[in-house]
Amino acid sequence: MSHLSTLQSSTDLLSTSTIIALTIFFSLLCACIVVGHLLEESRWANESITALLLGLGAGAVVLFLSKGNSSSILVFSENLFFLYLLPPIIFNAGFQVKKKQFFKNFTIILMFGIFGTVISFCLISFDRYLVLKLQWLTFAANTAGAFLLFKRIGVTSLNTQDYLAVGAILSATDTVCTLQVLNQDDTPFLYSVIFGEGVVNDATSIVLFNAVQSIDMDNINALISLKLLGTFLYLFFSSTFLGIAAGLLSAFIIKTLYFGRHSTDREVALMMIMAYLSYMLAELLNLSGILTVFFCGIVMSHYTWHNVTESSRTTTKHAFATMSFIAETFIFLYVGMDALDIDKWKASSASAGTFVAVSTTLFALVLVGRAAFVYPLANFNTCIRKRGSSNIEFRQQFIMWWAGLMRGAVTIALSYNQFSNSENNNTKDSALMITSTMIVVLFSTVVFGSITKPLIEAVLLRHTKPNVSDATDIPSLEELRIMFIENGEANDTGENQPAAAARRRSGLRLLLTHPTWTVHHLWRKFDDRFMRPVFGGRGFVQFVPGSPTGAADETSGT
């Protein structure tokens, strides 16, 4: 009897609905892994679409069993998404990224990820009301943005902040489907740019969204754009600095104390906890957690990872990748089940025609906003590259445009944040915006995602040429080193003033002609001389018997 009462009390501590929800989700996760493995060679399906469709199917079953009533299992929680699911995905992206390829194309990644997102944000959210408020922009008074189009459809209760938020919400891309098709070895340039842009784009969209929330829209004046820019730059650089600082701190602690001599578990636990702590600190300080944890991952992979034992390296590499994979699959399941939350659809009280009109408008703005910066920025990049270098072909520009058309969980989470439980907006219009955003996400992921693989094979892989990469027109590090030496780098002592001036001019000429690789060469010198002796890294870790440091890694390149 006592055992029975104990079992009853433990069951009371755990909500039955919570147990049911977790059981369903873990069962679906297992199903996604198995089905995804079976469909790995399929041209029309991938793990993202599989998880989304399984989520929709499970949501339909739950809705049927509950006789059309809403269930807590189906409700999307933005706290769950931002605090638990997103951090491991972004951290692993930074931890596993091929740093040399990423930073080699860093300029175009920033162009697409920051300037492109800002252009898309402006085109999507730009409304006539704001333009008329800013007298210095009256030439654009007839701009057809979200404001003008929604007014014609009948969505009239949204305010200026809502329209700006819509621009930030729809600017957040989801490049997972495209990255699952592209291969880092076959198309290194495209993979690097699309991957890098996806991470920077999500961070930029969230930073823009937070910047919009922090501005008083009741007192709009001509300085509003400068305030937005200032807020954005502050959030961007502060978040990046925090991530780098957290990564360096973890490297210094592990290198100094050398946890591996006592416990491999401690150093692995410290890496995981400090990575998550960086994200939470960023959120606590109202910064961008995505940028912080991403750069924390890059710094940890460059310094901290080389300071731990060989067994810890293997453990962390696979543990971070596994956590990211599970979280990513869970998100698509979550989105699919949330799409059938019947309360949102009832609250909107909209007709099928209204749903189609609003969703089509949103998706059209996505198409136009994406095209408005991909092709101009790609051609601008071609113009500023030196003559004779490899250019970004039109088919590659098309793949870049296509990769950014799909929307995912970040879009849904921001939509909930803006329109859920809003006191200033009409409840029907808020629910309509959430459900219409959901339609855009489902349509873009399922329809566009399913034809991504055959499209890329038809457009890109069947016309394979030597990889488009700036490596073809930029000298190697050894060549740059020789060029520096020939221009007087070795004569640091005893050189006269004209010789020093000539060396500075030569260094400036190298920086202008080969900026990316020149900066990389200078960074490697600074890193080897100042950073690695303090924070560790490949070749700078003391050898302790019983705690192998990986001699093979010391002789390999970065």
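Presented here is a report on the structure given in the accompanying data block. (Residues numbered from 1 in each chain as written. Predicted model: local features only at pLDDT ≥ 70, side-chain atom pairs only at ≥ 80, totals over all residues. Heavy atoms only, no water.)

1. Structural notes on the nonpolar core
Within soluble globular proteins, side chains that are nonpolar generally end up buried alongside one another. Applied cut-off: Working definition of a nonpolar core: buried Ala, Val, Leu, Ile, Met, Phe, Trp, Tyr and Cys residues. They are joined through side-chain atoms within 4.5 Å. Think of it in three bands: residues with accessible area under 20% of the maximum for their type are buried, residues over 50% are exposed, and the middle band is partly exposed, with areas taken using a 1.4 Å probe on protein chains only. A helix here means a DSSP run of H or I that spans at least four residues, while a strand means a run of E at least two residues long, and both kinds are numbered starting from the N terminus. Two residues form a contact once any of their heavy atoms are found within 4.5 Å.
Residues Phe81, Phe112, Phe294 and Val335 are the most contacted members of the largest nonpolar core, which totals 126 residues. Broken down by element, the residue count for this core peaks at 15 residues, all from helix H11 (residues 188-213). The contact partners of Phe81, leaving out residues within four places of it in the chain, are Phe76, Leu86, Pro87, Ile331, Ala409, Val410 and Ala413. Counting residues in hydrophobic clusters, the runner-up holds six residues, among them Val299, Tyr303, Met531 and Phe535.

2. Topic: the packing of aromatic side chains
The condition that has to hold: Any two rings among Phe, Tyr and Trp, with Trp reduced to its six-membered ring, count as a pair given centres within 6.5 Å; such a pair is stacked if its planes are under 30 degrees apart, edge-to-face if over 60, and tilted if neither. Criterion for a charge above a ring: Arg CZ or Lys NZ at most 6 Å from the ring centre, at most 35 degrees from the ring normal.
Evaluated as defined, the whole model comprises 29 aromatic pairs. Plain terms: the ring middles of Phe81 and Phe82 are 5.0 Å apart, the flat faces sit at 70° to each other, and that makes the pair edge-to-face. With a centroid separation of 5.6 Å and 85° between ring planes, the pair formed by Phe363 and Phe443 is classed as edge-to-face. Residue Phe363 is located in helix H17 (residues 352-384), and its partner Phe443 is located in helix H20 (residues 427-450); the two are separated by 80 residues in the primary sequence. On the basis of relative accessible area, Phe363 is assigned to the buried category, the value being 10%. Among the aromatic side chains, those forming a connected cluster through ring pairs are Phe363, Phe398, Trp401, Trp402, Phe443 and Phe448. Positioned over the ring face of Trp305 is Arg313, at 5.4 Å from the centre of the ring.

3. Some points on H20
We count it as follows: To estimate how far a helix should extend, the number of its residues minus one is multiplied by 1.5 Å.
With 24 residues, H20 ought to run about 34 Å at 1.5 Å a step, and its terminal C-alpha atoms sit 34 Å apart, in line with that. For H20, the buried fraction is high: 18 of the 24 residues fall into the buried class.

4. Some words on the packing of helix H9 (residues 160-171) against H11
Filter applied, for reference: The angle between two axes is taken between their N-to-C directions and runs from 0 to 180 degrees, where each axis is a line fitted to C-alpha atoms and a helix contributes only its stretch in contact. With respect to orientation, any angle under 35 degrees is reported as roughly parallel, any angle over 145 as roughly antiparallel, any angle of 65 to 115 as roughly perpendicular, and every other angle as oblique. In the scheme used here, Gly and all other residues not listed as nonpolar or charged are polar, with Ala, Val, Leu, Ile, Met, Phe, Trp, Tyr, Cys and Pro taken as nonpolar and Asp, Glu, Lys and Arg as charged.
Remark: H9 packs on H11, axes separated minimally by 8 Å, with the N-to-C direction vectors making an angle of 170°. Classified by the angle their axes make, H9 and H11 are roughly antiparallel. In this structure, H9 contributes Gln161, Leu164, Ala165, Ala168, Ile169 and Ser171 to the contact, and H11 contributes Asn201, Ser205, Leu208, Phe209, Val212 and Gln213. Within the contact of H9 with H11, the residues separate by chemical class into seven nonpolar, five polar and no charged.

5. Some thoughts on the pattern of salt bridges
Formally: The rule for a salt bridge is simple: a side-chain nitrogen of Lys or Arg has to be within 4 Å of a carboxyl oxygen of Asp or Glu.
Tallied over the entire structure, the rule returns seven salt bridges. Among the ionic pairs, Asp341 bridges to Lys344, the shortest N-O distance being 3.4 Å. Of the charged contacts, one joins Arg532 and Asp528 as a salt bridge, the two residues approaching to 3.8 Å between their closest N and O atoms. Of this pair, Arg532 and Asp528 both sit in helix H24 (residues 515-535), separated by four residues, roughly a single helical turn. Residue classification places Asp528 among the partly exposed positions, given a relative accessible area of 31%.

In short, geometric facts, not functional conclusions.
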